[in-house]
Amino acid sequence: MHALLTEAESRGYTVETQTDLQRGDAVHTLAIVIRGRAFPLVLTKRTAKVPREPTSQELRRQEHSPWTRVPKYDEEFIGHLALGAPAGNWYQHSYFYSEGARWTLESRLGHPLQDLEQLAAEAERREREKELREAEQRRRWYATVALAREQQVEQHRARVLTGQTRACPQAAEIRAFCQAARARAGDTPVATDEADWLEWAEAYAEQLDPRQTPLHTPPDPQAARRSLPHTAGTISAVLTWRPRRDGSAASTTRC
């Protein structure tokens, strides 16, 4: 193990200790850090099952308690060491090296380090691809929402303009109605109740006619997500991605 860690440091990698909890106990391991990723390593002894002869005490216990189970095999060290990730670790099945009859771990230090370098490069590649995917999702999200916002403003202005064009003839009709009512009376004074009604109608026509005040572009509507036009692109973008506060991606199902 010392030779491996020394070789790793000579290649510019760092070695650190890690502490994990397993069944409530602290387990300390060494890890080689390559490209910011830690690969834990444990050195274990290779064993083999060998037939086991029960002791006299075990035989007596089994006579009094037939259900007692006596082990049939023992684990015996076969003289070889193994190096790999700890059991239960994320990399448990990613790298494992065992001595053979013709070679030892120290004679092949380059093999484990080469494999760890490849694992680190592959993990870096996957992370980079993920970042590119999220960046593309982010670009599409902002572009889609910006387009939806533009459509929202356009639709709002169109509604205001349509309302103004409808209000103009309606105001003109009210004025014409009031003039006809007054002309009908001729020189006869208009009744108080009718006069009040006509005055209110003429005032309402003034309020209704948008040309009585300077025209201007209406204020943009509130840019709330729920008020954006629900085009197919907007719904697809909002359903699949939205930014978190820290700028990272987050999937959602609300729109």
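### Focus on the overall build of the protein chain
Within the protein chain, the regular secondary structure consists of five helices and seven strands. Moving toward the C terminus, one meets the helices and strands of the protein chain in the order α-β-β-β-α-β-β-α-α-α-β-β. Counting the 255 residues in the protein chain, one finds 26% classified as buried. For the protein chain, the share of sequence-separated contacts (at least 6 apart) that also reach a separation of at least 24 residues comes to 58%. Working note: accessible area of the protein chain is about 18300 Å², and carbon and sulfur atoms make up 51% of it.

### Here's the deal with the nonpolar core
Counting 18 residues, the largest nonpolar core has Leu4, Ile32, Ile34, Phe39, Leu41, Tyr95 and Leu116 as its most contacted members. Listed by contribution, the elements that provide at least two residues to this core are helix H1 (2–10), strand E2 (25–34), strand E3 (37–51) and helix H3 (110–185). Judged by nonpolar contacts, the second largest core, of nine residues, contains Ala167, Ile174, Ala181 and Ala205.

### Focus on the pattern of salt bridges
The tally for this structure, following the rule as stated, stands at 16 salt bridges. With a shortest N-O distance of 2.6 Å, arginine 139 and glutamate 136 are connected by a salt bridge. Pair noted here: arginine 139 and glutamate 136 are both in helix H3, with a separation of three residues, about one helical turn. The partner of arginine 182 in a salt bridge is glutamate 202, and the shortest N-O contact between them spans 3.1 Å. With a gap of 20 residues between them, arginine 182 in helix H3 and glutamate 202 in helix H4 (residues 192–208) connect regions that are remote in the sequence. Among the charged side chains, a salt-bridge network with shared partners connects Glu122, Arg125, Arg126 and Glu129.

### As for the environment of proline 112
With respect to the helices, strands and loops of the structure, proline 112 is situated in helix H3. Looking at proline 112, the relative accessible area reads 6%, which means it is buried. Spatially, the C-alpha atoms of proline 112 and tyrosine 95 are 7.6 Å apart, while their sequence positions differ by 17 residues. When residues no more than four places from it in sequence are discounted, the contact partners of proline 112 are Leu4 and Tyr97.

Thresholds, definitions, all that
- Residues numbered from 1 in each chain as written.
- Predicted model: local features only at pLDDT ≥ 70, side-chain atom pairs only at ≥ 80, totals over all residues.
- Heavy atoms only, no water.
- Helix = DSSP H or I, 4+ residues; strand = E, 2+ residues; numbered from the N terminus.
- Buried < 20%, exposed > 50% of the residue type's maximum accessible area, 1.4 Å probe, protein only.
- Contact = heavy atoms within 4.5 Å.
- Areas by Shrake-Rupley, 256 points an atom, 1.4 Å probe, with all protein chains shown as cover.
- Core = buried A, V, L, I, M, F, W, Y, C linked by side-chain atoms within 4.5 Å.
- Salt bridge = Lys/Arg side-chain N within 4 Å of Asp/Glu carboxyl O.

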